[in-house]
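Results of the structural survey
Single-letter residue listing:
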Amino acid sequence: QVQLVESGGGLVQAGGSLRLSCAASRSIFSIYAMGWYRQAPGKQRELVASITRGGSTNYADSVKGRFTISGDNAKNTVYLQMNSLKPEDTAVYYCAAWLYGLGTPNYWGQGTQVTVSS
């Protein structure tokens, strides 16, 4: 069992930055991968970024060069640094954890709202 607690969402102007945090209830080194999804109103949930316990990262094309995912094993926390935010980044962002391999996540956080104003 893994509990995931997100924080760091909010309202920001276009061009601004936010950092999301996802604290896991156990060592992230014991988890195969963690990542962030987002869901905008009327749209499907999409994978934004992921990081494996080996440090391999993957990003959606729409955020490459603007978002950075990282992990802190000592704090059992994964971060999503979001720079150069655009109104189209507005969504609820969900932390996700995969225990054994990428596919459908095994655990989800409760979500945090990110709103980017133009």
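Now for a description of the structure that goes with this document. (Residues numbered from 1 in each chain as written. Predicted model: local features only at pLDDT ≥ 70, side-chain atom pairs only at ≥ 80, totals over all residues. Heavy atoms only, no water.)

1. Considering the packing of aromatic side chains
Formally: Any pair of Phe, Tyr and Trp rings, taking the six-membered ring for Trp, is counted once the centres come within 6.5 Å. Such a pair is stacked with planes under 30 degrees apart, edge-to-face with planes over 60 apart, and tilted for the rest. In DSSP terms, a helix is any run of H or I states spanning at least four residues, a strand is any run of E spanning at least two, and both are numbered starting from the N terminus. Note on exposure labels: buried denotes an accessible area under 20% of the residue type's maximum, exposed denotes more than 50%, and partly exposed covers the range between, all computed with a 1.4 Å probe on protein chains only.
Enumeration over the complete set of coordinates arrives at three aromatic pairs. A centroid spacing of 6.5 Å and a plane angle of 90° characterise the contact between Y94 and W108, whose relative ring orientation is edge-to-face. A residue pair is termed long-range when its members are at least 10 positions apart, and Y94 in strand β9 (residues 91–98) and W108 in strand β10 (residues 107–108) qualify at 14 residues. A residue is classified by how much of its surface remains accessible, and W108, at 34% relative accessible area, is partly exposed.

2. Some points on the pattern of salt bridges
Heads up, the condition is: Between Lys or Arg on one side and Asp or Glu on the other, a salt bridge is scored when a side-chain nitrogen of the former is within 4 Å of a carboxyl oxygen of the latter.
In total, this model carries four salt bridges according to the counting rule given. Measuring nitrogen to oxygen at the nearest pair gives 2.7 Å for the salt bridge that ties E46 to R38. Classification of E46 as partly exposed rests on a relative accessible area of 33%. Counted as one network, the salt bridges with shared partners bring together R38, E46, R66 and D89.

3. Some details on the side chain of S50
Rules: Should any heavy atoms of two residues lie within 4.5 Å, those residues are considered in contact.
As for its placement among the helices and strands, S50 is situated in strand β5 (residues 46–52). Exposure remark for S50: the relative accessible area of 4% places this residue in the buried category. If we ignore the near neighbours within four places in the chain, the residues touching S50 are M34, G35, S56, T57, N58, I69 and W98.

4. Description of the pairing of strand β4 (residues 33–39)
Going by this rule: Strands pair, by our definition, only if DSSP identifies at least two bridges between them.
For β4, the buried fraction is high: six of the seven residues fall into the buried class. Of the pairings in the sheet, the one linking β4 to β5 comprises six bridges and is antiparallel in character. From the neighbouring strand, Y37 faces β5, where its bridge partner is L47. Hairpin remark: β4 followed by β5, antiparallel, with six residues in the connecting loop; positive phi at G42, about 80°. Pairing analysis gives seven bridges linking β4 to β9, with the strands arranged antiparallel. Pairing of A33 across the sheet is with W98, part of β9.

Read these as layout, nothing more, since geometry by itself doesn't imply function.
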